[in-house]
Amino acid sequence: MNKPNIKMVRIDERLIHGQGQLWIKNLNVNLVIVANDETATNEIQQTLMSSIVPKEIGTRFWTVERTAKVIWKAAPHQSIFVIVGSAKDARRLCDLGFPMEELNVGNIHAGEGKEKISQFLYLGAEDKEDLRTLEDKYNVKFNTKISPVSSDGEQYVEVLKQAIRK
């Protein structure tokens, strides 16, 4: 099996949204996969998200498990952006054999018991454990860029790495 042409895997609890258009354009992809169990069965969310993706870009809403299996069938011409909603989903992809080398930890919302890493990143104990597993077991590298058109957020990658070791 050929390795799929994955341009980026990003954690963003919002999944596809206005800023996501910037990522799609900047990465020059022709396929966006939302790997999220809830969205895979929610036609309303799918319709809303699809409405902001350019028509010439393919969009798939698959479960985490289906994404991990089907990614290996990607055609060589497919240039792919994968979006997950949580560190847990990113870890599950790797547990299921998904070929992840780097992960953009872009947006994890604040919540009770979560530690603030940056304006857009808040990690709870489960997030930290999942990210540690990704780094230690699967050798996934992290980046924390907020936007593809600036270096905003890059400075938080070391803070993130320190936080997951606490």
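Look a little higher up for the structure.
Owing to the predicted nature of the structure, the values given are computational and were not obtained by experimental measurement.

A.B. asks: Explanation requested: the overall build of the chain in the structure shown.
C.D. replies: Within the chain one finds six helices and eight strands. Counting only C-alpha atoms and orienting by the principal axes, one finds that the chain spans roughly 40 × 35 × 30 Å. Across the 166 residues that make up the chain, the buried fraction comes to 49%. Contacts spanning at least 24 positions in sequence make up 73% of the contacts within the chain whose residues lie at least 6 apart. Averaging the coordinates of the 23 positive side-chain charges in the chain and doing the same for the 22 negative ones gives two points 4 Å apart.

A.B. asks: What exactly am I supposed to notice about the sheet that holds strand E1 (residues 6-12) here?
C.D. replies: Each strand in a sheet pairs with its neighbour through backbone hydrogen bonds, running either in the same direction (parallel) or in the opposite one (antiparallel). Taken in spatial order, the six strands make up an open sheet running E3-E2-E4-E1-E5-E8, and their pairing is parallel. Of all strands in the sheet, those bounded by a partner on one side alone are strand E3 (58-62) and strand E8 (141-143). Averaged over all neighbouring strand pairs, the angle between strand axes comes to 25°, with direction disregarded. In this sheet, strand E4 (residues 80-84) lies alongside strand E2 (residues 31-35) in parallel orientation, the contact comprising five bridges. Bridging from a neighbouring strand, Val34 pairs with Ile83 of E4.

A.B. asks: Before we go on, may I ask you to explain the environment of Val149 in this structure?
C.D. replies: Assignment of secondary structure puts Val149 in the loop between E8 and helix H6 (157-163). For Val149, a relative accessible area of 59% translates into the label exposed. As for Val149 and Trp23, which are separated by 126 residues in sequence, their C-alpha atoms are 8.5 Å apart.

A.B. asks: Before we go on, may I ask you to explain the environment of Tyr138 in this structure?
C.D. replies: By the element assignment, Tyr138 lies in the loop between helix H5 (125-136) and E8. Sequence separation between Tyr138 and Cys94 is 44 residues; the distance between their C-alpha atoms is 7.1 Å. Those residues in contact with Tyr138 that sit more than four places away from it in its chain are Cys94, Asp95, Met100 and Thr133. Looking at Tyr138, its side chain comes within polar contact range of the side chain of Lys137, at 3.4 Å.

About the criteria used
- Residues numbered from 1 in each chain as written.
- Predicted model: local features only at pLDDT ≥ 70, side-chain atom pairs only at ≥ 80, totals over all residues.
- Heavy atoms only, no water.
- Helix = DSSP H or I, 4+ residues; strand = E, 2+ residues; numbered from the N terminus.
- Buried < 20%, exposed > 50% of the residue type's maximum accessible area, 1.4 Å probe, protein only.
- Contact = heavy atoms within 4.5 Å.
- Lys, Arg positive; Asp, Glu negative; His and termini not counted.
- Charge placed at Lys NZ, Arg CZ, Asp CG, Glu CD.
- Pairing = 2+ DSSP bridges.
- Axes fitted to C-alpha atoms, helices over the stretch in contact; angles between N-to-C directions.
- Polar contact = N/O pair within 3.5 Å; in protein donor to acceptor, adjacent residues only side chain to side chain.

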